[in-house]
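# Results of the structural survey
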Amino acid sequence: MEREQLEYDVVIVGAGPAGLSTAIKLKQLNSDISVCILEKGTEVGAHILSGNVFETKSLDELIPNWKELDSPVKTKVSSEEFLFLTKEKSFKVPNLFLPNALQNHNNYVISLSNFCKWLGEYAENLGVEIFPGFAASKVIYNDNDEVIGVQTGDMGLDSEKNKKENFEPGINIIGKVTVLSEGCRGHLGKEVIKKFDLNKKNKSPQQYGIGFKEVWEIKEENHEIGKVLHSVGWPLENDTYGGSFCYHAENNQIYIGYVIGLDYKNPYLSPYDEFQQFKTHPVIKKLITGGKRISYGARALIEGGLQSLPQMYMPGALIIGCNAGTLNMPKIKGSHTAMKSGIIAADVIIEHIYNNGKLSEYEKKFRNSWVYKELHQARNVKPSFQWGLIPAMIFTGIDQKIFGGRLPFTLQHRHADHEALIPARNAKKIDYPKYDGEITFDKPSSVYLSGTNHTDNQPNHLLLNDRDLSTNFTIEEYDEPAQRYCPAGVYEVELDDETQKKVLKINSQNCIHCKTCDIKEPSQNIEWVTPEGGGGPIYSGT
Amino acid sequence: MKVLVAVKRVVDYKVQIRVKSDNTGVETQNVKMSVNPPDENAIEEAVKLKEQGLASETIAVSIGDEKTQDVLRTSMAMGIDRSILVKSQNPLEPLAVAKTLKKIVEKENPDLVLMGKQAIDDDSNQTGQILSALLNWPQGCFISSLKIEGNKVLISREIDEGIENLETKLPAVLTCDLRLNTPRFASLPNIMKAKKKPLDMIDIDTLEIDTSTKIKTLKVIEPPKRKAGVMVNDVKELVEKLKYEAKVI
Ligand SMILES: Cc1cc2nc3c(=O)[nH]c(=O)nc-3n(C[C@H](O)[C@H](O)[C@H](O)COP(=O)(O)OP(=O)(O)OC[C@H]3O[C@@H](n4cnc5c(N)ncnc54)[C@H](O)[C@@H]3O)c2cc1C
Ligand code: SF4
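Since the structure is predicted, the reported quantities are computational estimates derived from the model, not experimental observations.

Conventions we followed
Residues numbered from 1 in each chain as written. Chains lettered and ligands numbered in written order. Predicted model: local features only at pLDDT ≥ 70, side-chain atom pairs only at ≥ 80, totals over all residues. Heavy atoms only, no water. Helix = DSSP H or I, 4+ residues; strand = E, 2+ residues; numbered from the N terminus. Rg over C-alpha atoms; globule rule 2.2 N^0.38 Å. Contact = heavy atoms within 4.5 Å. Areas by Shrake-Rupley, 256 points an atom, 1.4 Å probe, with all protein chains shown as cover. Axes fitted to C-alpha atoms, helices over the stretch in contact; angles between N-to-C directions. Left-handed = near helix turned anticlockwise from the far one by under 90°. Disulfide = S-S within 2.5 Å. Near = heavy atom within 4 Å. Polar contact = N/O pair within 3.5 Å; in protein donor to acceptor, adjacent residues only side chain to side chain. Nonpolar A, V, L, I, M, F, W, Y, C, P; charged D, E, K, R; others polar. Phe/Tyr/Trp six-rings, centres within 6.5 Å; stacked < 30°, edge-to-face > 60°. Buried < 20%, exposed > 50% of the residue type's maximum accessible area, 1.4 Å probe, protein only. Lys NZ or Arg CZ within 6 Å of the ring centre and 35° of its normal. Buried area = accessible area lost by both parts, 1.4 Å probe. Salt bridge = Lys/Arg side-chain N within 4 Å of Asp/Glu carboxyl O. pLDDT = per-residue confidence, 0-100. Domains from an automatic or database assignment. Pairing = 2+ DSSP bridges.

### Comments concerning the overall build of chain A
- Within chain A, the regular secondary structure consists of 15 helices and 24 strands.
- In summary, chain A has a C-alpha radius of gyration of 22 Å against a globular reference of 24 Å for 542 residues, a match within 12%.
- Taking the contacts inside chain A whose residues are at least 6 apart along the sequence as the reference set, 77% of them involve residues at least 24 apart.
- Accessible surface, chain A as shown: approximately 21,700 Å² in total, 48% of it carbon and sulfur.

Here it is in structure tokens:
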């Protein structure tokens, strides 16, 4: 099919903190450069879900006068607590013992989704063209196997890929440089990492987590604007990596969330239910009782750190932010590092386009920047949790507090997350409590709050590489963990009327684009691809 | 034939509507806004008329604050030729909207006004009807098909008993049902082109109409929650519950 073509100097995929920072910096360095950003969400910010306690280091660099502008970065952290939870009790870890990475007094509580919306407007005022509602569905290569741009998805195909009345073919967007900033587990990012073997120098496989977030409006008397609370412990077992956050934002809103490492072993574990159960702890229950939940969502995080970071340049393109894996795990912060990786990208691209500089300069610049130093200091924390919560916390205390992350060795991650599950027959079943509809909720009512929507009668965007594998293997061996790890109830196991065999049913219209299935499926059988543009959640305030 | 399309900016139909905590209205801050869905059908129909060579020019008009430009850009990306934004900081009631549109009609002299059958935010379903009365033009409401032959307007509308076929004459006001057509996607190249199409702004004060509100909102609240259903084990329990708890038999 002949496709229309648009040409830009730089084509950016994904309007998150990383991609937007690249775009803004490019325009600041040279206002003549033409830059476009494709964003699969129906508007900028619609697919952004994050804590978020925000470190402004990169924003200070990018927009030094941001405090004079009407940005959504308003609520400074006012106090903080780190709790160790048991079922009934909570123990406060004195701030003195907390590694600096966990101290937040100079940071802000923000909605990253609203912040990206604001950054998007800032970028547009500089002349960046942003196209929300358009997913980049394919990478385009030339005959020399260099990336030359991306193709947007076709719109108006039915489930059999026939053209509907309103069919609109995707177009080719060609750039001198393509920047892949799709965030954690980008599906184009995954492709180029494999194609160009960008992981070849890595010692460790990549690590991920799944993060949940709910926005609550709570009673005024319970609200302490700017307060930041983190916890570890209950309801998670000692051998599962994870913890909670609870941030007091503006307007009597709080952001409650939970992050669980996707290297968990028990296929019966349900991250969603762990999170729901967490809210019933007396400390949290007290806070939200009488309040109202106004938003829900989930998104995978990339946690491997420096040991798992791929090479970030390739012929014709760069991969930046969480799409590569620049998140600082002990801080659970990836926004400022993603932004910095985007700023560096802009420097390299300008040199490349105007002065014949090489894209491989990215590696050098990244290494000499503060992000690299930060990630280097943080590198041993996540792998130490292979030893369990308590030893890891002791180690982290020594590593971070006494040695400042400068211990002369680097711990490695042992397994990829999809290799971590043990067979269901060896695993302990977990009985989760029933939802009460007041502070804990079932998946359908949660998904409803995410606003997710996909035009019906469109091609499925969750592909099974081998159709029968789920029936013959994942269901039997692991009791189909997708039923539990998917935060949106997309996967259900049903009895097939004819064969009387258990089969996997995929309700793809519920998908909230978290990418967990693509990561955790034990045989890597599920492939997430972009649905029709504009589909997916409509987050705001997340 | 000149076609005028009225477009409203509303909270996107996929967004879960939330009542403001002070009960003064619905939360619209940081909420995704879009073209009112049946207005998209009106846009699509106007663009089709142009493609069929029946319309010479298509104009979109909207009333609202500066941000309302986005729905006009979308209209133009779908194929509308140019647009007009009547700037008003306050939301207007249907009567004031119709009066505003009448002024625009007098200025632009279209032969046909197309609009959505109703807006999904207030569901008033009045503006088209009031406008036709103010202009003294014939009206066709909830149209699900449209054919124009010379001066003749042939429309169908779905009614309880089936389909009603009507005939009227230009100039006319027609309000569109979702079944009228399938609105097209705005393609990327067309979005780019739409950025360069003319968009005129008029301040509503210059139109000298009465925009005062006739309705006072006392309070906006959420509908009461439906109680969760209960599962019964057998017919006996069901009958008992109906008899003694629900007291309906
Ligand atoms: C629960 C949770 C809590 C967190 N808490 C914090 C915190 O407190 N502080 C902090 O600093 N960080 C936090 N983070 C991490 C932070 O959110 C990320 O590091 C950051 O968002 C990464 O930015 P990014 O630009 O790389 O990617 P993203 O923010 O993920 O943005 C990627 C964008 O690209 C779009 N996109 C993806 N694929 C395509 C495609 N093919 N075509 C078009 N568009 C596409 C997406 O829709 C999205 O808008 C948290 C994350 C989670 C999940
Ligand atoms: S289907 Fe996959 S990507 Fe979509 S919500 Fe479920 S786990 Fe996340």
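### Things to note about the packing of helix H7 (residues 335-355) of chain A against helix H9 (residues 370-378) of chain A
Residue and element names in this part refer to chain A.
- Interaxial distance between H7 and H9 falls to 10 Å at its minimum, and their mutual angle equals 145°. Here H7 and H9 pass one another in a crossing that is left-handed. Contacts from His-336, Thr-337, Lys-340 and Ile-344 in H7 reach Trp-370, Val-371 and Glu-374 in H9.

### Some details on the state of the cysteines
- The full count for this structure, using the stated rule, is zero disulfides over all chains.
- A disulfide-free cysteine, Cys116(A) has its sulfur positioned 11 Å from the sulfur of Cys322(A), the nearest such atom.
- Cys141(B) provides the cysteine sulfur closest to Cys176(B), a residue in no disulfide bond, and the two sulfurs are 10 Å apart.

### What about the site of ligand 1?
Residues and elements named next belong to chain A.
- Around ligand 1 lies a shell of 37 residues, among which Glu-39, Ser-50, Val-53, Cys-322 and Ser-335 are the nearest.
- Here Lys-40 contributes a backbone N or O atom positioned 3.0 Å from a nitrogen atom of ligand 1.
- Backbone polar atom of Cys-322 to an oxygen atom of ligand 1: 2.8 Å apart, as the coordinates give it.
- A total of 990 Å² of accessible area belongs to ligand 1 in isolation, and the protein chains cover 97% of it.
- Of all elements in the fold, only helix H1 (17-29), strand E2 (35-39), strand E16 (242-248), strand E18 (292-302) and H7 reach the threshold of two or more residues within the shell around ligand 1.
- Along the lines of polarity and charge, the residues of the shell around ligand 1 split into 19 nonpolar, 13 polar and five charged.

### A word on the packing of aromatic side chains
All names here are of chain A.
- This model, assessed by the stated rule, comprises 16 aromatic pairs over all chains.
- Between Trp-66 and Tyr-108 the ring centres are 5.6 Å apart and the planes differ by 80°, which places this aromatic pair in the edge-to-face class. Separated by 42 residues along the polypeptide, Trp-66 in the loop between helix H2 (57-62) and strand E4 (75-76) and Tyr-108 in strand E7 (residues 108-109) bring together distant segments of the chain.
- A relative accessible area of 3% means that Trp-66 is categorised as buried.
- One aromatic cluster in this structure is built from Phe-212, Tyr-272, Phe-275, Tyr-296 and Tyr-435.
- When the ring centre of Phe-275 is taken as origin, the NZ or CZ atom of Lys-279, which lies over that ring, is 5.4 Å away.

### Here's the deal with the interface of chain A and chain B
- Contact residues are listed per partner, giving 31 residues for chain A and 24 residues for chain B.
- Both sides of the chain A and chain B interface together cover about 2,300 Å² of buried area, and 57% of this is carbon and sulfur.
- Among the residues of chain A in contact with chain B, Phe134(A), Asn166(A) and Ile538(A) are the three that bury the most area, contributing 20% of the side total.
- Our count for the chain A to chain B interface comes out at three salt bridges.
- Residue Glu129(A) is joined to Lys195(B) by a salt bridge in which the shortest nitrogen-to-oxygen separation is 3.3 Å.
- Across the chain A-chain B interface, the total number found is eight residue pairs in polar contact (both at pLDDT 80 or more).
- For the side of chain A that touches chain B, the secondary-structure elements that each account for two or more residues are strand E1 (5-13), helix H3 (112-125), strand E8 (129-132), strand E11 (155-157), strand E12 (163-168), E18 and helix H12 (443-450) of chain A.

### A short note on the confidence of the model for chain B
- When pLDDT is averaged along chain B, the result is 95; 100% of the residues meet or exceed 70.
- Interface confidence for the predicted complex, given as ipTM, is 0.88, next to a pTM of 0.94.

### Some details on the site of ligand 2
- With respect to spatial proximity, 14 residues lie near ligand 2, and among them Cys486(A), Cys511(A), Cys514(A), Lys515(A) and Cys517(A) are the closest.
- Class assignment for the residues of the shell around ligand 2 results in 11 nonpolar, two polar and one charged.

### Focus: the domain arrangement of chain A
Residue and element names in this part refer to chain A.
- Looking at chain A, the domain boundaries give domain 1 (5-66 + 113-203 + 307-378), domain 2 (73-110 + 205-302) and domain 3 (443-528).
- One C-alpha centre belongs to domain 2, the other to domain 3, and the line joining them spans 27 Å.
- Between domain 2 and domain 3, the contact holds 20 residues from the first and 19 residues from the second.
- When the two sides are added together, the surface that domain 2 and domain 3 hide from each other amounts to roughly 1,600 Å², 60% of it contributed by carbon and sulfur.
- Among the residues domain 2 hides against domain 3, the three largest losses belong to Leu-262, Pro-267 and Tyr-296. Together they make up 31% of the total.
- Applying the counting criterion to the domain 2 and domain 3 interface returns zero salt bridges.
- Counting across the domain 2 and domain 3 interface gives eight residue pairs in polar contact (both at pLDDT 80 or more).

### Quick look at the sheet that holds strand E7 (residues 139-149) of chain B
Residue and element names in this part refer to chain B.
- An order of E9-E8-E7-E10-E6-E1-E4-E5-E11 is seen for the nine strands of this open sheet, with the pairing classed as mixed. Every other strand in the sheet has two partners, leaving strand E9 (162-169) and strand E11 (199-203) as the edge strands with one partner each. The average undirected angle you get between the axes of adjacent strands in this sheet is 30°.
- Bridge count for strand E1 (residues 2-6) against strand E6 (residues 112-116) is four bridges, and the pairing is parallel. Within the sheet, the bridge partner assigned to Leu-4 lies in E6 and is Val-113.
- Along the sheet face, helix H1 (residues 37-51) touches E1, strand E4 (57-64), E6, E7 and strand E10 (172-176) and points at about 145° away from the line of E6.

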